[in-house]
Amino acid sequence: MSVEQVQPAATVHEEEDSFYQDIELLQNHGINVADIKKLKTAGICTVRGIQMVTKKKLCNIKGLSEAKVDKMKEAVLKICGASAGFCTALQQSLNRRNVFRLTTGSMELNKLLGGGLESMAITEVFGEFRTGKTQLAHTLCVTTQLPGERGYTGGKVIYIDTENTFRPDRLRPIADRFNLDQEAVLDNVLYSRAYTSEQQMELLDFVCAKFHEEPGIFKLLVVDSVMALFRVDFSGRGELAERQQSLAQMLSKLQKISEEYNVAVLITNQMTSDPGATMSFQADPKKPIGGNIIAHASTTRISLRKGRGELRIAKIYDSPDLPESEATFAITGGGLDDAKD
């Protein structure tokens, strides 16, 4: 009995070692350096990264033939061994011990999220304008850098901004609230402004390279907002299918990044009024944009709405493991905080 109890603990340490399996490992299996470099340029930097890409996509990378791709896939199977296929629910439960949670600055909101923003998952926050989406993103840029529960040591943030709403000076008062050095906090946030949906997609390759360069250092990726540029670049019903296809690829990439590098991903989303809702007597005729593609890709969806004054109400809209309930928080000078009675 005791042997069985000791055994899973050993696998946890192995799991941590094997979490970032560098793509350089393929060299030991006869893949040459030039081909590995080509994979890195395409944003594939870990062994798991190859498993997450289809053969067709790999063949589209310039200079990789079908034979080379087959050889790579075989090498990956050799490296992963038994872990390439199925594992028991107990094993998966142990694997999920690597998951950490980021505090949002408000205890009520943390409680609603089951302890905070979860890593290895996409959390989508949607609401009308001025419901606190960007404020949540700004607060998380600072709170991610705080040490937390279960040995979480804090880490850096990447912020992709599509609406020009990122204000670095907004982080200063939030840093003061948590007694952190302002300059150091700003230095730990990498910022990029995207102007087109294509550029937004390309930036994710850069994100992969960054996460690979400093493994375990980055803990949060923010995309604010995920749909704004898709709304602009694709117009009308004629381009809808193409838009949803591009969007699906982008969200799939975000999901893979979150699992491959164990980071939390926060995306903000806009709302649209639903003209058909008045016919069905829905209480709220507005709905998040992006349709079913975003609905299925996000792990947890949170809807925000305005309360009195500075108060905002967050509600779990969809989640695989959280009950549907609400929490009230306030937006203060120091970021998100609990509502004062």
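Summary of the structure given here. Computed from a predicted structure; not experimentally measured.

Let us now look at the overall build of the protein chain. The number of helices and strands found in the protein chain is 14 helices and 13 strands. For the protein chain, the C-alpha radius of gyration of 21 Å lies close to 20 Å, the compact-globule estimate for 341 residues. Considered along the principal axes of its C-alpha atoms, the protein chain spans approximately 65 × 60 × 45 Å. Counting across all 341 residues of the protein chain, residues that qualify as buried make up 47%. Carbon together with sulfur atoms contributes 53% to the accessible area of the protein chain, which is approximately 17400 Å² in total.

Examined bridge by bridge, strand 11 (residues 311-318) and strand 12 (residues 326-332) share 5 bridges and lie antiparallel to one another. Bridging across to strand 12, Ile313 finds its partner in Thr328. As defined by bridge partners, strand 12 adjoins strand 13 (residues 335-338) across 4 bridges and the pair is classed as antiparallel. When the sheet's bridge partners are listed, Thr332 is paired in strand 13 with Gly335.

All right, on to helix 5 (residues 66-80) then. In this model helix 5 runs 21 Å from its N-terminal to its C-terminal C-alpha over 15 residues, within 8% of the 21 Å that 1.5 Å per residue would give. Residues of helix 5 that are buried include every one of Val69, Met72, Ala75, Val76, Ile79 and Cys80, and no others. Relative to the axis of helix 5, the buried residues are bounded by an arc of 125° and lie together on one face. Pointing more than 90 degrees away from the buried face of helix 5 are the exposed residues Glu66, Ala67, Glu74, Leu77 and Lys78. Looking at the buried side of helix 5, the elements it contacts are helix 2 (33-41), helix 3 (47-51) and helix 4 (55-60). Positioned one or two residues after helix 5, Gly81 has a phi angle of 60°, which is positive.

Moving on: the environment of Ser298. Structurally, Ser298 is set in the loop between helix 14 (291-297) and strand 10 (300-306). When its relative accessible area of 4% is taken as the criterion, Ser298 is described as buried. Taking the C-alpha atoms as reference, Ser298 lies 9.7 Å from Leu254; in sequence the two are 44 residues apart. The contacts of Ser298, once residues within four sequence positions are left out, are Ile122, Glu124, Ile267 and Asp318. For Ser298, the side chain forms a polar contact with the side chain of Glu124, separated by 3.0 Å. At a separation of 3.0 Å, a polar atom in the side chain of Ser298 contacts the main-chain carbonyl oxygen of Ile294.

Moving on: the packing of helix 11 (residues 197-213) against helix 13 (residues 240-261). Helix 13 packs onto helix 11 with a crossing angle of 10° between their chain directions and a minimal axis gap of 10 Å. It follows that helix 11 is roughly parallel to helix 13 by the angle criterion. Of the residues in helix 13, those in contact with Gln200, Met201, Leu204, Asp205, Val207, Cys208, Phe211 and His212 of helix 11 are Gln249, Met250, Lys253, Leu254, Ile257 and Tyr261.

Procedures and definitions
- Residues numbered from 1 in each chain as written.
- Predicted model: local features only at pLDDT ≥ 70, side-chain atom pairs only at ≥ 80, totals over all residues.
- Heavy atoms only, no water.
- Helix = DSSP H or I, 4+ residues; strand = E, 2+ residues; numbered from the N terminus.
- Rg over C-alpha atoms; globule rule 2.2 N^0.38 Å.
- Buried < 20%, exposed > 50% of the residue type's maximum accessible area, 1.4 Å probe, protein only.
- Areas by Shrake-Rupley, 256 points an atom, 1.4 Å probe, with all protein chains shown as cover.
- Pairing = 2+ DSSP bridges.
- Expected span 1.5 Å × (residues − 1).
- Arc of directions from axis to C-beta.
- Contact = heavy atoms within 4.5 Å.
- Polar contact = N/O pair within 3.5 Å; in protein donor to acceptor, adjacent residues only side chain to side chain.
- Axes fitted to C-alpha atoms, helices over the stretch in contact; angles between N-to-C directions.
- Parallel < 35°, antiparallel > 145°, perpendicular 65-115°, else oblique.

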